[in-house]
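# Observations on the model geometry
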Amino acid sequence: MRISQLFGKTLRDVPAEAETVSHQLLLKSGMIHQLAAGVYSYLPLAWRVLRKIENIIREEMDRAGGQELMMPVLQPIEIWQQSGRDRSFGKTLFTLCDRRERTLVLGPTHEEVITLLISYNVRSYRDLPLLPYQIQTKLRDEPRPRAGLVRGREFIMKDLYSFDVDTAGLDKNYQAMLRAYNNIFTRCGLPAIMVEADSGAIGGKDSHEFMLVAPSGEDEIIYCEGCKYAANAEKATSIKGKVEGGEPAAIEEVATPGMTSIEQIAAFFKVPQSRTLKAVFYAADGAVVFVVIRGDIEVNEVKLKNLLHCDELRLATEAEVSKAGIVAGSASPVGLAGIKIVADDSITTGTNFIAGGNKPDTHIRNVNYPRDFKVDIIADIARARAGDSCPKCEGKLASTHGIEVGHAFKLGTFLSEKMGASFTDAEGVTKPIVMGCYGIGVSRLLSAAIEQNHDDKGIIWPLPIAPFQVHICALYMENPQVAATAEKLYAELQAQGIEVLLDDRMESPGVKFNDADLLGMPVRVTVSPRSLEKNSVEVKRRTEKKPTLLPLDGIVEKLRELISG
RNA sequence: CGGGGUGUAGCGCAGCCUGGUAGCGCACCUGAAUGGGGUUCAGGUGGUCGGCGGUUCAAAUCCGCCCACCCCGACCA
């Protein structure tokens, strides 16, 4: 491709709307253009990258037994009602009415469609397993699109769905997919780390996410410095540790005028915050829930939501709290009645805690569970933090941020039961098909790649997904020798199957070098009168500072070596 | 949905407070010079000032409503 003819112009100033690096560079390099919030056109350079990523994904999916197909974007709302997921998706579903006033959904994903499709095509255990997959645009009316392609309302996604006769088959395919995902990210030159993940509203047992580590990532990853444990902070657990509180003593009321926070209470009683019990109030589908947790630990709302099996979970409002008869600031499970109490298991890690007195300006000491209060549910609902101990090896946990680029779920039979996807086994018994699903955010991966691979000059493409492998900067194209050499090299490289971008514009060297750095092809070749005097060209990897002078003789071979690894 | 911010040429911005019919840089076009990290000079094209309504002799500017986009939060298989 000649830059003079390339559709897409680089900018000097970055559009003000972009904050994250990848968004800025995608816009500055002219690779994408925004049409509406979270909706972008992909210009040729971006499209080349996306196609390369897609092709790597295709190869690995096919190798793992996948079969590519294409499914409708337009889906009747009824299939979402059938699965019940119209409620869990809620307003995120784009909906529209056709001329007959039928409500249609713009597919945010395709589990419903594929499961129905499978139900029409599978009768016998002999028809299974099946691993259909799709690489398509999906649409979600995100509450807040952000960071360019990282969270769009229209985005490209690969989803593979596994259909098995039993959980053993699911487990096998699940493991195969995790391996395929590792292959994919490695082949893309984008090392992703696999973390344990929350399976979300859709349910299911195991779930893993693949994260590209980047400071700007939306997700927090908790990982162990000692072993291989790594989990999304939404899912991560840690060892809470014992708190020495002595032999259980008698309950004692203490006046604590004006003190409502854990900091104040701990300071007043001259004890660490871990010796206190904290009360937090939530509204789960509108009903107030009283949550008790050790004072030094925060509530993990994802865990809590899963525990309560509710559609909506939020902090309760002051009005809801007081209406429930709770004294905010001095609330306590001790003596509380008529309200659901959920406790974190951290309340069992010590004795003689300090808790609220359930009346203003009063706390009580020497509170012990279960001697002094009862709870409805006790479970792990704590947020694991860096510095905590690893649940696997008791090593030290650390935290970092990442962009979720892949997600695997064991769905089980939830959807197949809802959608009527069953088969007859060898004994003639009808059973629901056991499902899994496995997604990769293709367009997000493009952004994440840049987020992870750039410098202050621009993008640094990993070779396997670079739009072009070689970028020829022809300085002073009006010089006939430069033009002839650049053209010849351009043609010869292409004849070798090498992807080349030729900067044939009448621009100054500075402009060309800056654009080459911005666009970020792995290898830059500079053809100029200066180097031609020595029958040479300058070759520089994008990651290197200084170019190397290489003789024209045999240059094609040299370049081929460079880009073959 | 709550909080904050911004809408003036393709991009970045000034002008608005104190009304008088729009300006700068980049990009683009023409010409000349220059020649290895966004080079210089001269000339030129391009704008419903987000939209609608109001006030006024006169509105980018003042007032009202609406819309879009961005950021924080909520939210986000």
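Residues numbered from 1 in each chain as written. Chains lettered and ligands numbered in written order. Predicted model: local features only at pLDDT ≥ 70, side-chain atom pairs only at ≥ 80, totals over all residues. Heavy atoms only, no water.

### Focus on the overall build of chain A
Which entries qualify depends on this criterion: Helix and strand definitions follow DSSP, with helices as H or I runs of at least four residues and strands as E runs of at least two, each counted in order from the N terminus. Only protein chains enter the accessibility calculation, which uses a 1.4 Å probe. A residue is then buried if its area is under 20% of the maximum for its type, exposed if over 50%, and partly exposed in between. Any two residues whose heavy atoms approach within 4.5 Å at even a single point are treated as in contact. To be clear on the numbers: accessible area is Shrake-Rupley with a 1.4 Å probe, and residue cover counts the displayed protein chains and nothing else. None of His or the chain ends enter the tally, which takes Lys and Arg as positive and Asp and Glu as negative. Just so you know, the charge point we use is NZ for Lys, CZ for Arg, CG for Asp and CD for Glu.
A count of helical and extended segments in chain A gives 15 helices and 31 strands. In terms of overall dimensions, chain A has a C-alpha envelope of 95 × 65 × 50 Å along the principal axes. Every one of the 565 residues in chain A was classed for burial, and the buried ones make up 53%. Of the contacts made within chain A by residues no fewer than 6 positions apart, 70% connect residues no fewer than 24 positions apart. Total accessible area computed for chain A in this model is approximately 25,700 Å², and 51% of it derives from carbon and sulfur atoms. Of the side-chain charges in chain A, 67 are positive and 74 negative, and the distance between the mean point of each set is 2 Å.

### Section: the protein's contact with RNA strand B
Here is the rule we go by: Proximity is defined per residue: any heavy atom of the residue falling within 4 Å of a molecule or strand makes that residue near it. Definition of a polar contact: a pair of N or O atoms within 3.5 Å, with one able to donate and the other able to accept a hydrogen when the atoms are protein atoms, and with sequence-neighbouring residues admitted only if both atoms are side-chain atoms. Throughout this entry, Asp, Glu, Lys and Arg are counted as charged residues, while Ala, Val, Leu, Ile, Met, Phe, Trp, Tyr, Cys and Pro are counted as nonpolar. The remaining residues, Gly among them, count as polar.
Neighbouring RNA strand B are 48 residues, the closest being Arg-12, Phe-409, Asp-517, Ser-528 and Glu-538. Near the protein, within 4 Å, the atoms of RNA strand B are sugar or phosphate in 49% of cases. In this structure, Asp-13 approaches RNA strand B through a side-chain N or O atom, which is 3.0 Å from a base nitrogen. A distance of 3.2 Å is found between a base nitrogen of RNA strand B and a backbone nitrogen or oxygen belonging to Phe-513. Those elements that provide at least two residues to the surface near RNA strand B are strand E1 (32–36), helix H4 (85–89), strand E8 (154–164), helix H13 (509–519) and helix H14 (529–532). In terms of residue count, the dominant contributor to the surface near RNA strand B is H13 (seven residues). In terms of residue class, the surface near RNA strand B is built from 19 nonpolar, eight polar and 21 charged.

### Thoughts on the pairing of strand E11 (residues 219–224)
Quick note on the threshold: At least two DSSP bridges between two strands are required for those strands to pair.
Across the six residues that make up E11, a large majority, five, are buried. By the bridge criterion, six bridges tie E11 to strand E21 (residues 397–412) in an arrangement that is antiparallel. Within E21, the residue paired with Ile-221 across the bridge is Thr-400. Count of turn residues in the E11/strand E12 (residues 230–232) antiparallel hairpin: five residues.

### Some remarks on the pattern of salt bridges
Rules: The salt bridge criterion pairs a side-chain nitrogen of Lys or Arg with a carboxyl oxygen of Asp or Glu, the two atoms within 4 Å.
This structure, assessed with the given rule, holds 38 salt bridges. Between Glu-196 and Lys-392 there is a salt bridge whose closest N-O contact spans 3.2 Å. Residue Glu-196 is located in strand E9 (residues 193–196), and its partner Lys-392 is located in the loop between strand E20 (377–379) and E21; the two are separated by 196 residues in the primary sequence. A salt bridge links Asp-503 to Lys-512; the nearest nitrogen and oxygen atoms lie 3.8 Å apart. Taking relative accessible area as the criterion, Lys-512 reaches 0% and is therefore assigned buried. Counted as one network, the salt bridges with shared partners bring together Lys-240, Lys-303, Asp-344, Asp-345 and Asp-380.

### Examining helix H1 (residues 21–28)
Within H1, the full set of buried residues consists of Ser-22, His-23, Leu-25, Leu-26 and Leu-27. Looking at the buried side of H1, the elements it contacts are E1, strand E2 (39–42), helix H11 (442–452), strand E25 (454–455), strand E26 (458–459) and H13. One or two residues past the end of H1 sits Gly-30, with phi positive at roughly 70 degrees.

### Some points on the nonpolar core
Basically, it comes down to this: Residues belong to a common nonpolar core when they are buried Ala, Val, Leu, Ile, Met, Phe, Trp, Tyr or Cys residues joined through side-chain atoms within 4.5 Å. For every domain, the bounds stem from an assignment made automatically or drawn from a database.
The biggest cluster of nonpolar side chains holds 60 residues, and the ones touching the most others in it are Met-61, Tyr-181, Ile-184, Phe-185, Trp-461 and Ile-465. When residues of this core are assigned to domains, at least three map to each of domain 1 (18–217 + 400–451) and domain 3 (468–564). Once residues lying within four places of it in the same chain are set aside, the contact partners of Ile-465 are Val-49, Lys-52, Ile-53, Ile-56, Cys-188, Leu-190 and Ala-449.

### Notes on the sheet that holds strand E29 (residues 523–527)
Our working rule: Between N-to-C directions, angles span 0 to 180 degrees; the directions come from axes that are lines fitted to C-alpha atoms, helices contributing only their stretch in contact.
Strand order in the open sheet formed by five strands is E28-E27-E29-E30-E31, and the pairing between neighbours is mixed. Each edge of the open sheet carries a strand with a single partner, namely strand E28 (500–503) and strand E31 (548–551). If you compare each strand with its neighbour and ignore which way they point, the axes differ by 25 degrees on average. Sheet topology note: the strand E27 (residues 470–474)/E29 ladder contains five bridges and is parallel. Considered in E29, the bridge of Ile-472 is made with Val-525. Running at roughly 170 degrees to E27, helix H12 (residues 480–495) makes contact with E27, E28 and E29 of the sheet. Lying on the sheet, helix H15 (residues 555–563) is in contact with E27, E29, strand E30 (536–541) and E31; it crosses E30 at an angle near 5 degrees.

### Topic: the domain arrangement of chain A
Taken as a whole, chain A is organised into domain 1 (18–217 + 400–451), domain 2 (252–379) and domain 3 (468–564). Each of domain 2 and domain 3 was reduced to a C-alpha centroid, and the two centroids are 67 Å apart.

### Things to note about the state of the cysteines
Note the following rule: We call a pair of cysteine sulfur atoms a disulfide when they lie within 2.5 Å.
Scanning the entire structure with this criterion turns up zero disulfides. Free cysteine Cys-224: the closest other cysteine sulfur is in Cys-393, separated by 3.5 Å. Judged by its relative accessible area of 5%, Cys-224 falls in the buried class.

### Overview of the side chain of Ser-22
Position of Ser-22 relative to the elements: it lies in helix H1. A residue is classified by how much of its surface remains accessible, and Ser-22, at 0% relative accessible area, is buried. At a separation of 2.6 Å, a polar atom in the side chain of Ser-22 contacts the side chain of Glu-451. Filtering out sequence-adjacent residues up to four positions away, Ser-22 remains in contact with Val-150, Ser-447, Ile-450 and Glu-451.

### Quick look at the packing of helix H2 (residues 44–63) against helix H6 (residues 167–187)
Our working definition: Working rule for angles: under 35 degrees goes down as roughly parallel, over 145 as roughly antiparallel, 65 to 115 as roughly perpendicular, anything else as oblique. The handedness criterion is simple: a crossing whose near helix is rotated anticlockwise from the far helix by less than a right angle is left-handed, and one whose near helix is rotated clockwise is right-handed.
Where H2 meets H6, the axes come as close as 9 Å, and the angle between the chain directions of the two elements is 155 degrees. By the angle between their directions, the pair H2 and H6 is classed as roughly antiparallel. In the packing of H2 onto H6, the handedness of the crossing is right-handed. On H6, the residues that touch Ile-56, Ile-57, Glu-59, Glu-60, Met-61 and Arg-63 of H2 are Met-177, Ala-180, Tyr-181, Asn-183, Ile-184 and Arg-187.

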